[in-house]
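Commentary on secondary and tertiary structure
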Amino acid sequence: MRDLVSGRPRVKFIPNNSSDPTFATNKNAISGVGSDSEYSEKIGLFKTNIKPKACLICVGRTHHTHLQSPAAHSSCVCQSQSDFLFSKGFLQGKSRNTLRPMPTTKEPTVVTKKIGGDKNGGERQVRVKRMPRWYPTEDKPRKLKNHKIAFNQHKRKLRASITPGTILILVAGRHKGKRVVFLKQLNTGLLLVTGPYHLNGCPLRRINQRYVIATKTKLDIKDVKVPDRVNDEYFKRQKSKKPKHTEGDIFSTEKEVYSVSEERKEDQASVDRQLLDVIRKQKEKKLFFGQHN
Amino acid sequence: MAETQAVQANPAKKSGRLYCKAVFTGYTRSHRNQKENTALLKIEGVVSKEETEFYLGKRCAYVYKARRLTACPGHDKPSRLRVIWGKVTRSHGNSGVVRAKFRKNLPSKAMGKRIRVMLYPSRI
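Not measured: the values here are computed from a predicted model.

Attention now moves to the overall build of chain B. Each helix and strand counted, chain B has 0 helices and 6 strands in total. Taking the intrachain contacts of chain B between residues at least 6 apart in sequence as the baseline, contacts between residues at least 24 apart amount to 59%. For chain B, the accessible surface area stands at approximately 8,400 Å², while carbon and sulfur atoms represent 50% of it.

Now the structure itself:
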């Protein structure tokens, strides 16, 4: 019975602690390492006359290409059952070329049956178990890689022109037209930005790269520490708890007015203080402090 | 700015024009037939095909006034201003004219009128 994928004979699995004395684990079967090849020395599992070469199974595949070695094959997806067993050292015989199936007591696969009729030999050899009518094209169909990625695992890109400390011009939104300092990119990909608040009224805020023009002016904010708690969760819109419908009050609309939390004020003050120090050291600080918008 | 935290944040000045001025010159057309789904915009200051590269993909808006008041997102009061949004799709010809597609086709009375080409989605 051949492995339908590779054409190699299917070999019965022999456990490592088999009592069969002819069996040897692959590790003991090193036959002379001494070759010039550093690679075979490292692995120690090659005969010297076998040079490591590109894995033929993996030829033509884009993933899992590797050299032909038991170590590589043990993790190779493409290998057949016999490859796997050989690489794990479970096969009889030290080289793949001398595979032979395990001697076992076989049940009769073929049975002789008598048939009637003249001049036709009177007997037929009939299989006990019939061959299957249908073989799948692949024994184990390879599953296609699922390319759906959740949003929080997306790759976030950042334009090369935007680096921490860059002055950005906001081009849309509530603060359009203002020049703000870029602090860092958050996990969702949005940019964390601050006015600073005293200079232009823009607080610590998230904005999308697309609504921003990066200027060439950059501040050195290596030493500016943004509090760790300032992240995407921090800026998430707070869902107002819907009050239970009291009798006769189904349409009561109590619009919750947004008020700045103390947390935000603290963080704003701490970040801005550091930033203003950086700005004061700039040569063009008058420009920064002079802007009104 | 030498003042301490007691100082109010500087009052925000209103931002200036954050869009490029453009004119809706007409629809894509052959001599005697026109295709109203694509509009041609002449952006001020853009005179060659190379210069249009910046504007590709930018959002554009045809802003106009109507008689009836309609609700406006983000504002309490309804207003008479209305917008048709679109985007610059590609350049048109060699002289800096640009093609744009709007969510609804532009009305023909917009020909010769101002279209705002915004600076977003920004690529710089």
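Back to the write-up after that little detour.
Once that is clear, we can look at helix α6 (residues 262–281) of chain A. Residues and elements named next belong to chain A. With 20 residues, α6 should reach 28 Å at 1.5 Å per residue; the first-to-last C-alpha distance of 29 Å fits that figure. Here α6 has its buried residues at Asp267, Gln268, Val271, Asp272, Leu275, Leu276, Val278 and Ile279. All buried residues of α6 project into a common sector of 160° when viewed along the axis, lining one side. With respect to the buried face of α6, the exposed residues turned more than 90 degrees away are Glu262, Arg273 and Lys281.

Counting residues in hydrophobic clusters, the biggest one holds 27 residues, and the most contacted among them are Leu106(B), Ile115(B) and Val117(B). Secondary structure elements with two or more residues in this core: β1 (19–29), β2 (34–43), β3 (59–70), β4 (79–92), β5 (97–102) and β6 (114–118) of chain B. At 4 residues, the largest contribution of residues to this core is made by β1(B). Contact partners of Val117(B), with chain neighbours within four places excluded, come to Tyr19(B), Cys20(B), Ala22(B), Leu41(B), Ile43(B), Tyr55(B), Lys58(B), Arg59(B), Cys60(B) and Val88(B). Ranked by size, the runner-up nonpolar core spans 21 residues in total, among them Ile167(A), Leu183(A), Ile221(A) and Tyr234(A).

In this section: the pattern of salt bridges. Residue and element names in this part refer to chain A. Counted according to the given criterion, the structure contains 8 salt bridges over all chains. Taking the shortest distance from any N to any O, the salt bridge between Arg229 and Glu263 comes out at 3.7 Å. Taken as a pair, Arg229 in the loop between β7 (212–218) and α5 (232–235) and Glu263 in helix α6 lie far apart in primary sequence, 34 residues in all. Classification of Arg229 as partly exposed rests on a relative accessible area of 35%. Taking relative accessible area as the criterion, Glu263 reaches 36% and is therefore assigned partly exposed. Here Arg229 makes a salt bridge to Glu266, at a shortest N to O gap of 3.1 Å. You can see Arg229 sitting in the loop between β7 and α5 and its partner Glu266 sitting in helix α6, a full 37 residues away along the chain.

Residues and elements named next belong to chain B. Strand order around the closed barrel formed by 6 strands is β1-β2-β5-β4-β3-β6, with antiparallel pairing between neighbours. Each adjacent strand pair in this sheet contributes to an overall mean axis angle of 45°, direction not counted. As defined by bridge partners, β1 adjoins β2 across 7 bridges and the pair is classed as antiparallel. Bridged to Gly26 within β2 is Leu40.

Two descriptors summarise a pair of aromatic rings, namely the distance from one centre to the other and the angle between the planes of the rings. The tally for this structure, following the rule as stated, stands at 5 aromatic pairs over all chains. Measuring from centroid to centroid gives 5.0 Å for Phe54(B) and Tyr55(B), while their planes differ by 85°, and the two rings are edge-to-face. According to the relative accessible area criterion, Phe54(B) is partly exposed, its value standing at 28%. Geometrically, the ring pair formed by Tyr62(B) and Tyr64(B) is stacked, given 5.1 Å between the ring centres and 15° between the ring planes. Classification of Tyr62(B) as buried rests on a relative accessible area of 5%. For Tyr64(B), a relative accessible area of 23% gives the class partly exposed. Stacked on the ring of Phe151(A), the Lys or Arg Arg156(A) has its end atom at 4.3 Å from the ring centre. Positioned above the aromatic ring of Phe54(B), the side-chain terminus of Lys58(B) is 4.5 Å from the ring centre.

Glancing now at the confidence of the model for chain A. All names here are of chain A. Across chain A, the average pLDDT comes to 75, with 58% of residues at 70 or higher. Under a pLDDT of 50 for its full length, residues 21–41 has, in the predicted model, 33 contacts with residues more than four places off or in other chains. Overall, residues 43–48 carries pLDDT values under 50, and its contacts beyond four positions in sequence, including any with other chains, amount to 18 contacts.

We now examine the confidence of the model for chain B. Residues and elements named next belong to chain B. Residues with a pLDDT of 70 or more make up 88% of chain B, whose mean pLDDT is 89. Element-level mean pLDDT values for chain B span from 95 in β3 up to 98 in β5. Considering only residues more than four positions removed or in separate chains, one finds that residues 1–12, a stretch of pLDDT under 50, has 15 contacts. Scoring of the predicted complex yields 0.61 for pTM and 0.84 for ipTM.

Conventions used here
Residues numbered from 1 in each chain as written. Chains lettered and ligands numbered in written order. Predicted model: local features only at pLDDT ≥ 70, side-chain atom pairs only at ≥ 80, totals over all residues. Heavy atoms only, no water. Helix = DSSP H or I, 4+ residues; strand = E, 2+ residues; numbered from the N terminus. Contact = heavy atoms within 4.5 Å. Areas by Shrake-Rupley, 256 points an atom, 1.4 Å probe, with all protein chains shown as cover. Expected span 1.5 Å × (residues − 1). Buried < 20%, exposed > 50% of the residue type's maximum accessible area, 1.4 Å probe, protein only. Arc of directions from axis to C-beta. Core = buried A, V, L, I, M, F, W, Y, C linked by side-chain atoms within 4.5 Å. Salt bridge = Lys/Arg side-chain N within 4 Å of Asp/Glu carboxyl O. Pairing = 2+ DSSP bridges. Axes fitted to C-alpha atoms, helices over the stretch in contact; angles between N-to-C directions. Phe/Tyr/Trp six-rings, centres within 6.5 Å; stacked < 30°, edge-to-face > 60°. Lys NZ or Arg CZ within 6 Å of the ring centre and 35° of its normal. pLDDT = per-residue confidence, 0-100.

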